[in-house]
Amino acid sequence: MTSVDMRTPEALAEAERWTAHNYHPLPVVVAEAEGAWVTDIDGRRYLDFLAGYSALNFGHRHPGLIAAAHAQLDRVTLTSRAFVHDQFADFCHGLARLCDKDLVLPMNTGAEAVETAIKVARKWGYQVKGVPAGQAEIIVAAGNFHGRTTTIVSFSTDPEARNDFGPYTPGFVTVPYGDLAALADAFTPNTVAVLMEPIQGEAGVLVPPEGYFGGVRELCDANHALFVADEIQSGLGRTGRTFAIEHEGVVPDMYVLGKALGGGIVPVSAVAADRDVLGVLKPGEHGSTFGGNPLACAVGAEVVRLLATGEFQKRSEELGDRLHAGLNALIGQGVVGVRGRGLWAGVDIDPALMTGREACERLAARGVLAKDTHGSTIRLAPPLVVTADELDHALAQLAAIVA
Ligand SMILES: Cc1ncc(COP(=O)(O)O)c(C=O)c1O
């Protein structure tokens with residue numbers, strides 16, 4: 001019997017039996033999905049209010065993205081970057097235009113794109129800024145989440161993510177998120193970059209104080225350092241803009257992108273920057289066998305075309321207002337705090353009532369999938385194709401579990 005033929009309890013036990021326990025999933029075994037909905041192996045339907053941590057911004061199996069993937073599967077799927085393929089320039093050109101940057105460097109996972117940004121910033125520091133060899137420093141924010149590689153967890157402030165994975169990569173300086181005075185104090189002549197999330201997702205959808213990133217931009221300029229925006233979770237329509245940093249009226253030197261760039265079909269990530277920054281890389285200094293492969297580029301180019309219409313950003317902004325109005329109405333009724341922008345919210349459940357995990361279990365039992373983070377906070381990030389009725393339905397289920 002394969003897990004396709006099993007019912008939920010056996011399928012869960014089978015998965016538990018054969019895998020490392022590096023996740024603690026909700027007890028739902030998904031078999032199919034479309035738009036904002038998934039169906040489990042017992043035929044139960046759920047509204048997906050996690051959307052693959054924003055990797056599914058366009059919903060499950062968006063028809064245009066699936067068509068692009070199918071067409072490419074029938075032509076060529078992998079070449080490696082040893083050769084050029086006919087999907088490469090189209091994707092990179094489109095993404096560069098979307099970011100209003102000169103150049104793009106495609107990779108696969110978000111963590112790889114963050115690693116790329118770190119390497120580029122360091123190299124830029126040595127070759128352009130003139131930082132002494134081996135002395136480059138990158139300023140990061142407490143509470144950050146940028147991925148799981150050994151270098152990235154070296155500057156995590158989350159003990160779960162970091163402890164027992166040393167020795168740690170040096171060269172990172174941590175400041176409190178949202179505190180401009182602390183950031184100003186942290187710069188040294190060896191600072192090459194400030195790397196931050198415009199909204200901290202894993203930390204609980206934390207929006208910094210107004211004007212913070214304007215100040216970050218000014219401090220980077222004054223100190224001849226790059227501002228690198230990790231838009232892997234916040235970008236590509238999630239907050240009602242193409243990039244969350246647009247809300248701050250700020251343009252970073254480098255965008256770090258991932259998740260939704262692959263349309264929920266393939267892992268696609270990238271960094272985008274101008275020639276004076278990304279141009280520091282020469283052949284042989286960085287790369288990836290799968291980065292920028294034909295299938296990834298065909299899907300990624302279609303993602304860029306979807307975003308270029310502005311339709312998804314508009315939906316996220318308008319429906320986001322509805323989501324936040326609905327959530328704010330629950331404050332004092334079992335909810336103690338709500339943050340976020342567009343179709344993205346961190347919701348603090350009254351800890352006296354239940355943990356975030358319990359809240360997610362109760363929501364799942366009522367047909368809504370969400371994910372907890374840090375104690376009693378849950379994150380809501382429905383696909384941007386969600387309808388007003390579906391939003392209202394999910395809000396009603398949340399109201400019911402905290403009542
Ligand atoms: C802001 C941010 N950066 C980086 C990553 C890492 O992406 P990946 O899991 O694709 O490596 C994530 C994943 O959640 C993220 O939210």
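These numbers were taken from a predicted model, which means no experiment stands behind them.

Reading guide: rules and limits
Residues numbered from 1 in each chain as written. Predicted model: local features only at pLDDT ≥ 70, side-chain atom pairs only at ≥ 80, totals over all residues. Heavy atoms only, no water. Near = heavy atom within 4 Å. Polar contact = N/O pair within 3.5 Å; in protein donor to acceptor, adjacent residues only side chain to side chain. Areas by Shrake-Rupley, 256 points an atom, 1.4 Å probe, with all protein chains shown as cover. Pairing = 2+ DSSP bridges. Helix = DSSP H or I, 4+ residues; strand = E, 2+ residues; numbered from the N terminus. Axes fitted to C-alpha atoms, helices over the stretch in contact; angles between N-to-C directions. Contact = heavy atoms within 4.5 Å. Salt bridge = Lys/Arg side-chain N within 4 Å of Asp/Glu carboxyl O. Buried < 20%, exposed > 50% of the residue type's maximum accessible area, 1.4 Å probe, protein only. Core = buried A, V, L, I, M, F, W, Y, C linked by side-chain atoms within 4.5 Å.

J.: I'd like a description of the site of the ligand, backed by residues and values.
T.: Near the ligand the following residues occur: T109, G110, A111, F145, H146, G147, E197, E202, D230, I232, Q233 and K259. D230 has a polar side-chain atom sitting 2.7 Å from a nitrogen atom of the ligand. A distance of 2.8 Å separates an oxygen atom of the ligand from a polar side-chain atom of K259. Burial of the ligand by the protein chains amounts to 81% of its free accessible area of 390 Å².

J.: Quick one: what's the story with the sheet that holds strand β6 (residues 172-175), residue by residue and with numbers?
T.: Ordered by their spatial adjacency, 7 strands build an open sheet running β4-β10-β9-β8-β7-β5-β6, and the pairing between neighbours is mixed. Every interior strand has two partners, whereas the edge strands, β4 (103-107) and β6, have only one. Adjacent strand axes in the sheet meet at a mean angle of 20° when their direction is disregarded. Strand contacts of helix α5 (residues 110-129): β4, β5 (137-141), β6, β7 (191-196), β8 (226-230), β9 (254-257) and β10 (269-273), with the helix running at about 160° to β7, the strand carrying the most contacts. This element, helix α9 (residues 212-222), spans β7 and β8 of the sheet and lies at about 145° to β8.

J.: An account of the pattern of salt bridges is requested, with residue identities and associated values reported.
T.: One pass over the full model with this rule turns up 17 salt bridges. E361 is the partner of R357 in a salt bridge, and the nearest nitrogen-oxygen pair spans 2.9 Å. Taken together, the residues R357 and E361, both in helix α13 (residues 356-365) and 4 residues apart, mark about one turn of the helix. Between D372 and K371 there is a salt bridge; the shortest N-O distance is 3.4 Å. Given a relative accessible area of 22%, K371 falls into the partly exposed group.

J.: Break down the nonpolar core for me, citing the residues and quoting the values.
T.: One finds L95, L183, L380 and L398 to be the most contacted residues of the largest nonpolar core, which totals 80 residues. The biggest single contributor to this core is helix α11 (residues 294-308), with 9 residues. Formed by 31 residues, the second largest nonpolar core is a distinct cluster that contains A121, V192, M254 and A273.

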